[in-house]
Amino acid sequence: MQEPAITPELIASHGLKPDEYQRILDIIGREPSFTELGIFSAMWNEHCSYKSSKKWLRTLPTTGPQVICGPGENAGVVDIGDNQAVVFKMESHNHPSYIEPYQGAATGVGGILRDVFTMGARPVAAMNSLSFGEISHPKTRQLVHGVVEGIGGYGNCFGVPTVGGEVRFDPAYNRNCLVNAFAAGLADADRIFYSAASGVGMPVVYLGAKTGRDGVGGATMASAEFDDSIEEKRPTVQVGDPFTEKRLMEATLELMATGAVISIQDMGAAGLTCSAVEMGDKGGLGIRLQLDDVPQREAGMSAYEMMLSESQERMLMVLRPEKEAEARAVFYKWDLDFAIVGETIAEDRFLILHGNDVKADLPLATLAGSAPEYDRPWRATAPAEPLGDVPQVDPVDGLRALISSPNYAAKQWVYEQYDTMVMADTVRAPGLGAGLIRVHGSDKLLAFTSDVTPRYVRANPEEGGKQAVAEAFRNLCAVGARPLAATDNLNFGNPEKPEIMGQFVGAIKGIGAACAALDMPIVSGNVSLYNETDGAAILPTPTIGAVGLLDHAGQIIGTQVREGHEALVIGETRGHLGQSALLAEVFNRAEGDAPPVDLDAERRNGDFIRANRDLIRACTDLSDGGLALAAFELAEGSGIGVHLGAGDIETLFGEDQARYLVACNFDQAEALMSAAARAGVVIASVGRFGGDTVRLGQSEAPLGELSALYRASFAAAIA
Amino acid sequence: MHAAIIVFPGSNCDRDLAVAFESAGFRVSMVWHKDTGLPEDVDIVGVPGGFSFGDYLRCGAIAAQSPICRAVIAHASRGGYVLGVCNGFQVLTETGILPGALLRNARLKYICKTVGLRVETPDSAFTAGYGRGEVIDIPIAHHDGNYFADADTLAQLRAEDRIAFTYTDNPNGSTGDIAGILSANRRVLGMMPHPERAADAAHGGTEGAALFRALAGVLTPA
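Residues numbered from 1 in each chain as written. Chains lettered and ligands numbered in written order. Predicted model: local features only at pLDDT ≥ 70, side-chain atom pairs only at ≥ 80, totals over all residues. Heavy atoms only, no water.

Within chain B, the regular secondary structure consists of five helices and 11 strands. Expected size for 222 residues packed as a compact globule is a radius of gyration near 17 Å; at 16 Å, chain B falls within 12% of this value. Dimensions of chain B, computed from C-alpha atoms along their principal axes, come out at roughly 40 × 40 × 35 Å. Counting only residues that meet the buried cut, chain B has 61% of its 222 residues in that class. Surface exposure of chain B reaches about 8100 Å², of which carbon and sulfur atoms provide 50%. If the 18 positive side-chain charges of chain B are averaged to one point and the 23 negative ones to another, these points end up 3 Å apart. (Helix = DSSP H or I, 4+ residues; strand = E, 2+ residues; numbered from the N terminus. Rg over C-alpha atoms; globule rule 2.2 N^0.38 Å. Buried < 20%, exposed > 50% of the residue type's maximum accessible area, 1.4 Å probe, protein only. Areas by Shrake-Rupley, 256 points an atom, 1.4 Å probe, with all protein chains shown as cover. Lys, Arg positive; Asp, Glu negative; His and termini not counted. Charge placed at Lys NZ, Arg CZ, Asp CG, Glu CD.)

Written as structure tokens, this is what we have:
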């Protein structure tokens, strides 16, 4: 095949800036081949290289006694005792999902599952955080249907329960939706698999599905803004095959048990290129690949296409040669491809051969380590204008406005399309607060939550970043879990704009401060930039996925309230309405500052909830929609009414942080009050559960009417 | 008591079903789809939920052609017990062991939630632990659970009291609200809902456990 000449246009179409191309010339001292240009573009795009974000990511706390492996591998690994570890990560598939919602979302789930089982862990829980444009935008409903079906289609077939997530709508996502997928798995703490190759002359083995032309250039696509040519990018989206992924997982875990695996890496973004370079680089070795041996789905594929294909459900492994027969048998059992495609070499070379031709010959360590790193100029977000007057509204009308909005209505239309119970260890399915699963075969449980409030982050990136972590921490504490660690999925606009970079920097500072104060290190993560179309950026959306541990089921704090339960709020209520859900949904105003986050209070109040779990019958954290929405959700979930004394919107709908709503009987409430006084925790009695109405101050409505509205509104808007 | 659970490459409820059988006192063997025979002393075969071969074709159609299914058909025709759950029910209809077919849900979406089932007959080893007309809560999780049978088959199922469970609030468009049916000799049960997902206090419901206990009661050697 005649390869195209290297022209400035070709370079630009690979997403490489002129100075970046000059860097390539400096490194190799000659003009790159077409394949080499593709390889550099794959390694140096934003998605793979983190060139705009690296400087700031380094500032995040990533260590702690519980951390077995922090960022840098396929997923983070955290100790949960008894030689067991939870392995987790969250990753975006935003650009592909907007272009082709079903496959984009499906392969997002596939990618994150692969990250987890590549480390030797069987996936046991999934979540997803979804952000869409306003309902009235012509594309939104189609995206919601496609994305939800894609997530379900992949996860359900693979066989992992979806135990939590978020769905939000805002005009800022009209032309860039966000699909952030989280997965967690369980592994033996002393049997974690890493990507670093070792040993010279070891076979490099290709596992899984065959390589096709799908996804060529996908990572580069995901590193650029969108414009009107977006439809032309559909062929860069990969197609998922969850049945193959399921077999790949089973075969990989079986293979790992044989002791045949020296190192292993999944083929995700930039497929064969990234995985091979990473294994070689981390092991201080070179890699030689003979592309003729790569299992191919179609005839006549070029070296360029094979090196950049993002065909799904593939892995690369360095094999103990004496175990080859055993390893081959495992893959044949599962009817998957197993092919030796190269070997590790002592020289620092990334050598790609196709037929008798050398298609690429690059210094591997330099290729891996020399990606540009930018200290992009940034401008701090200006302090928010103070919030003007907010008129009082009838509190029940305010509640109606929230629960009839797709943002706060019940989301069963979404999560009933996900298998939430496969593996038969789900203890709390999606609906209210953190999801819970049993650690199979033990008494322990794991809690999962995913949180961010993008309105806050836009108004005040630093407080908004803190808030995302704090809310995740609260959701874990509210179910009785000990927060362990977190993963971050940082979705922002174009980092070349100082104001966007300022949002990013602020959010990172806030996340870092909160993770340090709440002892929830970031152990894995993903950055998605360039979420812009024609210059309009999304809301800054740093999604936090967090994991907590319970020693046994006796530690679970439930959500079922009973007739006559007292309602108490832990934490201080000041009535902060800036950037609140009420302001947005009732008045269509996004004004004021984000609520400030007092990390000491978060820590104190969260510890208090867990220390006093025996006095608490039901608990939920207070977040969007404040006390009124939280009380309604607890009451509605139990089919029991609630009466709150306050009638002012500040108390009912204010979004002050570090707060929980708890329900308990009268004696427990007394004891809780005393305990709070001793611990220096603010506590207030706010009302009582019971009856069959929701009464907020003097305003009242039947629970049944509100419940019907809450349950029907999402489907009415979307279906 | 010995239960054999068939494992297709895309089965994903095989372990869940094994746990439920074990909890009821069964010894469990996992049997690979490429095997041609069942263990000799098997009392019951479990065909689990999942996506046996990806279900890209009709659900269960490829699984029905796998080597092990010849052994399952032989086991059933000898009067052996078989329980097919979800994808397992689809496989049993595709093999012809049970009549009818499972079509795409009427509203075309995958549905996972706990639903009410009415026990239509306690007259089987599977349903002996329930009362006629009793309503139990059992989760469903499927895209293709819309049971279809022609009028003659339906009339026959009814005449022979072979409808094991119906939905109290039909979620998927099934003919006659049918959620599970028995074979003519009442020793094969196919059902879309997952009793193994309501078999432990931690699941939030234990009404599926009675099915496995009832089986254990019948199959315990005298």
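From this point, the discussion proceeds with the structure in view.
This part covers the overall build of chain A. Across its full length, chain A carries 25 helices and 28 strands. Here the C-alpha radius of gyration of chain A, 26 Å, is about what a compact globule of 719 residues would show, namely 27 Å. Across its three principal axes, chain A shows a C-alpha extent of roughly 85 × 50 × 45 Å. Per-residue burial over chain A gives 66% buried out of 719 residues.

Bringing the nonpolar core into the picture now. One broad rule of soluble globular proteins: the nonpolar side chains tend to lie buried together. Core analysis: the biggest nonpolar cluster contains 76 residues, and B:Phe21, B:Phe26, B:Ile44, B:Leu83, B:Phe165 and B:Leu211 have the highest contact counts within it. Per element, the largest residue contribution to this core is six residues, and it comes from helix α5 (residues 209–219) of chain B. With 64 residues, the next largest nonpolar core counts A:Ala126, A:Phe132, A:Met317 and A:Tyr418 among its residues. (Core = buried A, V, L, I, M, F, W, Y, C linked by side-chain atoms within 4.5 Å.)

Frequently, the measure chosen for interface size is the accessible area removed from exposure when the parts meet. In this complex, chain B contributes 28 residues to the contact, which on the side of chain A involves 30 residues. Interface area lost by chain B to chain A is led by B:Arg15, B:Lys109 and B:Tyr110, which between them contribute 24%. Here chain B and chain A share five salt bridges between them. With a closest N to O distance of 2.9 Å, B:Asp200 and A:Arg438 form a salt bridge. Here chain B is connected to chain A by 19 residue pairs in polar contact (both at pLDDT 80 or more). Only α1 (14–23), β6 (111–119) and β7 (135–142) of chain B provide two or more residues apiece to the side of chain B that touches chain A. Among the residues making up the side of chain B that touches chain A, the classes are represented as 13 nonpolar, seven polar and eight charged. (Contact = heavy atoms within 4.5 Å. Buried area = accessible area lost by both parts, 1.4 Å probe. Salt bridge = Lys/Arg side-chain N within 4 Å of Asp/Glu carboxyl O. Polar contact = N/O pair within 3.5 Å; in protein donor to acceptor, adjacent residues only side chain to side chain. Nonpolar A, V, L, I, M, F, W, Y, C, P; charged D, E, K, R; others polar.)

Under the 1.5 Å per step criterion, the end-to-end length of helix α10 (residues 242–257) of chain A is 23 Å for 16 residues, consistent within 8% with the ideal 22 Å. Just beyond α10(A), the residue with positive phi is A:Gly259, at close to 80°. (Expected span 1.5 Å × (residues − 1).)

Further remarks concern the pairing of strand β15 (residues 435–438) of chain A. Residues and elements named next belong to chain A. The side-chain alternation of β15 yields two buried faces, one formed by Gly435 and Ile437 and the other by Leu436 and Arg438. Relative to β15, strand β14 (residues 426–428) runs antiparallel, the two being bridged by two bridges. Along β15, the bridge assignment pairs Arg428 with Leu436. The antiparallel pairing of β14 with β15 creates a hairpin that spans six residues between the two strands, and Gly431 there sits at a positive phi of about 150°. Across four bridges, the pairing between β15 and strand β16 (residues 445–451) is antiparallel. Bridge pairing in β16 places Leu436 opposite Ala447. Adjacent in sequence and paired antiparallel, β15 and β16 are bridged by six residues, among which Gly441 carries a positive phi angle near 80°. (Pairing = 2+ DSSP bridges.)

Residues and elements named next belong to chain B. One pass over the full model with this rule turns up 20 aromatic pairs over all chains. Here the aromatic rings of Phe21 and Phe212 are separated by 5.1 Å at their centres, their planes lie at 80°, and the arrangement is edge-to-face. Separated by 191 residues along the polypeptide, Phe21 in helix α1 and Phe212 in helix α5 bring together distant segments of the chain. Each member of the pair Phe21 and Phe212 is classed as buried. (Phe/Tyr/Trp six-rings, centres within 6.5 Å; stacked < 30°, edge-to-face > 60°.)

What follows concerns the sheet that holds strand β11 (residues 337–345) of chain A. Residue and element names in this part refer to chain A. Ordered by their spatial adjacency, seven strands build an open sheet running β8-β10-β7-β11-β9-β12-β13, and the pairing between neighbours is mixed. At either margin of the open sheet sits one strand with a lone partner, and together these are β8 (261–266) and β13 (357–362). Shown here is a sheet whose adjacent strand axes are inclined to one another by a mean of 25°, direction ignored. As defined by bridge partners, strand β9 (residues 286–290) adjoins strand β12 (residues 350–354) across four bridges and the pair is classed as parallel. What sits directly across from Arg288, in β12, is Leu351. Strand contacts of helix α7 (residues 101–118): β8 and β10 (314–319), with the helix running at about 165° to β8, the strand carrying the most contacts. With respect to the sheet, helix α13 (residues 324–333) is in contact with β7 (203–208), β10 and β11, its orientation differing from that of β11 by roughly 145°. (Axes fitted to C-alpha atoms, helices over the stretch in contact; angles between N-to-C directions.)

Time to look at the state of the cysteines. Per the counting criterion, the structure on display carries zero disulfides over all chains. Unpaired in this structure, A:Cys157 has its nearest cysteine sulfur neighbour in B:Cys59, at a distance of 9.8 Å. (Disulfide = S-S within 2.5 Å.)

With that out of the way, let us pick up the sheet that holds strand β21 (residues 541–550) of chain A. Residue and element names in this part refer to chain A. The mixed open sheet is built from six strands, whose spatial order is β14-β15-β16-β21-β17-β18. With partners counted over all chains shown, the strands left at the sheet margins are β14 and β18 (522–528), one partner each. Averaged over all pairs of adjacent strands, the angle between strand axes in this sheet comes to 20°, irrespective of strand direction.

The next subject is the pattern of salt bridges. Under the counting rule described, the total for this entry stands at 56 salt bridges over all chains. One salt bridge in this structure joins A:Glu298 and A:Arg213, with 3.3 Å as the shortest N-O distance. Within this pair, whereas A:Glu298 is found in the loop between β9 and α12 (303–308), its partner A:Arg213 is found in the loop between β7 and α9 (218–221), the two being separated by 85 residues in sequence. Salt bridges sharing partners connect three or more residues here, namely A:Asp425, A:Arg438, B:Arg15 and B:Asp200.

Another aspect to go through is the packing of α7(A) against helix α8 (residues 140–158) of chain A. Residue and element names in this part refer to chain A. At a minimum axis separation of 7 Å, α7 and α8 run at an interaxial angle of 35°. The crossing of α7 and α8 is right-handed. Where α7 abuts α8, its residues Pro101, Tyr102, Ala105, Ala106, Val109, Gly110, Leu113, Arg114 and Phe117 lie against Gln142, Leu143, Gly146, Val147, Glu149, Gly150, Ile151, Gly153, Tyr154, Gly155 and Phe158. When grouped by side-chain class, the residues that make up the contact of α7 with α8 number 12 nonpolar, six polar and two charged. (Left-handed = near helix turned anticlockwise from the far one by under 90°.)

What follows covers the packing of helix α18 (residues 461–478) of chain A against helix α19 (residues 498–517) of chain A. Residue and element names in this part refer to chain A. Running from amino to carboxyl end, α18 crosses α19 at an angle of 40°, the nearest separation of the two axes being 6 Å. The pairing of α18 with α19 is recorded here as oblique in orientation. Viewed along their axes, α18 and α19 form a crossing whose handedness is right-handed. Taking contact as the criterion, the partners of Pro461, Glu462, Gly465, Lys466 and Val469 in α18 are, on α19, Gln503, Gly506, Ala507, Lys509, Gly510, Ile511, Ala513, Ala514 and Cys515. Its residues placed into classes, the contact of α18 with α19 shows seven nonpolar, four polar and three charged. (Parallel < 35°, antiparallel > 145°, perpendicular 65-115°, else oblique.)

Overall, the predicted model of chain B reaches an average pLDDT of 96, with 100% of residues at or above 70. Model confidence for the complex is summarised by a pTM of 0.96, with the ipTM given as 0.96. (pLDDT = per-residue confidence, 0-100.)

A separate point is the side chain of A:Lys89. Mapped onto the secondary structure, A:Lys89 falls in strand β3 (residues 84–92). Look at A:Lys89 and you get buried, because its relative accessible area is 8%.

With that settled, consider the environment of A:Gln296. Residue and element names in this part refer to chain A. By the secondary structure assignment, Gln296 is in the loop between β9 and α12. Sequence separation between Gln296 and Glu343 is 47 residues, and the spatial gap between their C-alpha atoms is 19 Å. At 3.4 Å, the side chain of Gln296 forms a polar contact with the backbone oxygen of Leu291. A distance of 3.0 Å separates a polar side-chain atom of Gln296 from the backbone oxygen of Val294.

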